[in-house]
Protein chains: 2
Amino acid sequence: MYEGAVQDLIDELGRLPGVGPKSAQRIAFHLLATDAADVRRLVEALTQVKARVQFCETCGNVAESAQCRVCADPRRADDVICVVEEPKDVVVVERTREYRGRYHVLGGAINPLENVGPDDLRISQLLTRLADGTVTEVILATDPNVEGEATATYLSRLIAPMGVTVSRLASGLPVGGDLEYADEVTLGRAFEGRRVVGA
Amino acid sequence: MYEGAVQDLIDELGRLPGVGPKSAQRIAFHLLATDAADVRRLVEALTQVKARVQFCETCGNVAESAQCRVCADPRRADDVICVVEEPKDVVVVERTREYRGRYHVLGGAINPLENVGPDDLRISQLLTRLADGTVTEVILATDPNVEGEATATYLSRLIAPMGVTVSRLASGLPVGGDLEYADEVTLGRAFEGRRVVGA
């Protein structure tokens, strides 16, 4: 309905998650009315993110070099790995200040309906990290929903026979919820009360 | 909480209207995971919109040249102008396919609480367009809220003495709606504006 460039921008914005046609239109007209400098900053941020951000070779977290900040930090405990689904979950756990070990980002959860199987996740990389015996505990912090639980069960069956303690975040997290939306206190309690599974 | 480039992008996205911190994070991680080509298309659309889009010299609508598509169209009627608040309202009216005249975009509505007075709107440009007597009717299609009504009243007092017919879009029940859910003011307007049928 709009002339070329405006409609193109509305179309592109409408492809973003959680941005419907009305929001896309609202954002486009907001950008039309704002300073060219503000739009340049957004363009620069978009360009930089694709140019500079990569995934950590060790844990799969977002990083601006071969190792992410957590993996590069010598003060973190090497004997425990917290397994999460997505890089944003690392930030959520870090915010609790309860956890001082390492991470492993799977890149999702097992989800047969969306054709995500174990081979699509960074599971073999996790097993490689456990091979030398340094790690004595793996904390499964996948989301407390069906896919996250299935992934945790799958992992505990793989890892427990290797002689590594496998734990799961305690109840206290709302079931059917999403790790991303948990508050710090609840998530901290869940760390304290983690249970050994698959023994 | 995130490393440089990711956090910068989340901050910039969070400045957009209707995008909160959670949405900004979700969009940023979506963009991290998508093809570089998709991000380039978004960047290109943002850049093009600022480079190519301007406001029509005549009506104030968005345009990619000195005149917008409606003003440049010789088939549109020259004797009637529909006055709207924003460029997006032009699109809404066009979608009805009921209107074949010209437009005038005010760039907002009179709103004392936000310090928007008549001088901040494109009112003098509207009066200039009415000066040569070509226009015989001005349809006031500002929003049916307090600011839109105030703006319509202000404009009708300015324009009616010039010998131009001034009309206001009808207020009433939305088609496909339900009498039970109509608010009192709307229902009152629907009674006021009732039309004789079946005569």
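Per an unreviewed UniProt entry, the recorded name for chain A is Recombination protein RecR, and the organism is Isoptericola jiangsuensis. As its UniProt record puts it under Sequence similarities (unreviewed entry), chain A is described as follows: "Belongs to the RecR family."

Novice: How would you sum up helix H3 (residues 36-52) of chain A? Please name residues and give values.
Specialist: Residue and element names in this part refer to chain A. The end-to-end C-alpha separation of H3 is 24 Å, in line with the 24 Å expected for 17 residues at 1.5 Å each. Of the positions making up H3, those classed as buried are Val39, Leu42, Val43, Ala45, Leu46 and Val49. Down the axis of H3, the smallest arc covering the buried residues is 155°, so these residues share one side. More than 90 degrees from the buried face of H3, the exposed residues found are Arg40 and Ala51.

Novice: So, the sheet that holds strand S3 (residues 80-84) of chain B: which residues are in play, and what are the values?
Specialist: Residues and elements named next belong to chain B. Taken together, four strands build an open sheet; the order of strands is S4-S3-S5-S6 and the sheet is parallel. The sheet is open, and its two edges are formed by strand S4 (102-105) and strand S6 (165-168), each paired on a single side. For this sheet the average axis-to-axis angle between neighbouring strands, irrespective of direction, equals 25°. Sheet topology note: the S3/S4 ladder contains four bridges and is parallel. Of the residues in S4, the one forming a bridge with Cys82 is Tyr103. Packing against the sheet, helix H5 (residues 123-130) makes contact with S3, S4 and strand S5 (137-140), and its axis sits at approximately 150° to S4. Most of the contacts of helix H6 (residues 146-159) go to S6, to which it runs at about 170°, and overall it touches S3, S5 and S6.

Novice: Residue-level account of the interface of chain A and chain B, with values.
Specialist: Counting residues at the interface gives 51 residues for chain A and 50 residues for chain B. Buried area between chain A and chain B, both sides added, is near 4900 Å², and the carbon and sulfur share of it is 70%. Counting every contact that joins chain A to chain B gives two salt bridges. Linking chain A with chain B are 14 residue pairs in polar contact (both at pLDDT 80 or more), by the criterion used here. Counting only elements with at least two residues in the side of chain A that touches chain B, the list comes to helix H1 (4-14), helix H2 (21-33), H3, strand S2 (62-63) and helix H4 (87-96) of chain A. Sort the elements by how many residues they give to the side of chain A that touches chain B and H3(A) lands first, with 13 residues.

Novice: Tell me what's going on with the pairing of strand S3 (residues 80-84) of chain A, and back it up with residues and numbers.
Specialist: Residue and element names in this part refer to chain A. The buried fraction of S3 is high, at five of five residues. The alternating pattern of S3 places Val80, Cys82 and Val84 on one face and Ile81 and Val83 on the opposite face, and all of these are buried. Where S3 meets strand S5 (residues 137-140), four bridges bridge the pair, whose relative direction is parallel. Bridge assignment links Val83 to a residue of S5, and that residue is Leu140.

What counts as what
Residues numbered from 1 in each chain as written. Chains lettered and ligands numbered in written order. Predicted model: local features only at pLDDT ≥ 70, side-chain atom pairs only at ≥ 80, totals over all residues. Heavy atoms only, no water. UniProt positions renumbered as here; feature names shortened; annotations may be inferred. Helix = DSSP H or I, 4+ residues; strand = E, 2+ residues; numbered from the N terminus. Expected span 1.5 Å × (residues − 1). Buried < 20%, exposed > 50% of the residue type's maximum accessible area, 1.4 Å probe, protein only. Arc of directions from axis to C-beta. Pairing = 2+ DSSP bridges. Axes fitted to C-alpha atoms, helices over the stretch in contact; angles between N-to-C directions. Contact = heavy atoms within 4.5 Å. Buried area = accessible area lost by both parts, 1.4 Å probe. Salt bridge = Lys/Arg side-chain N within 4 Å of Asp/Glu carboxyl O. Polar contact = N/O pair within 3.5 Å; in protein donor to acceptor, adjacent residues only side chain to side chain.

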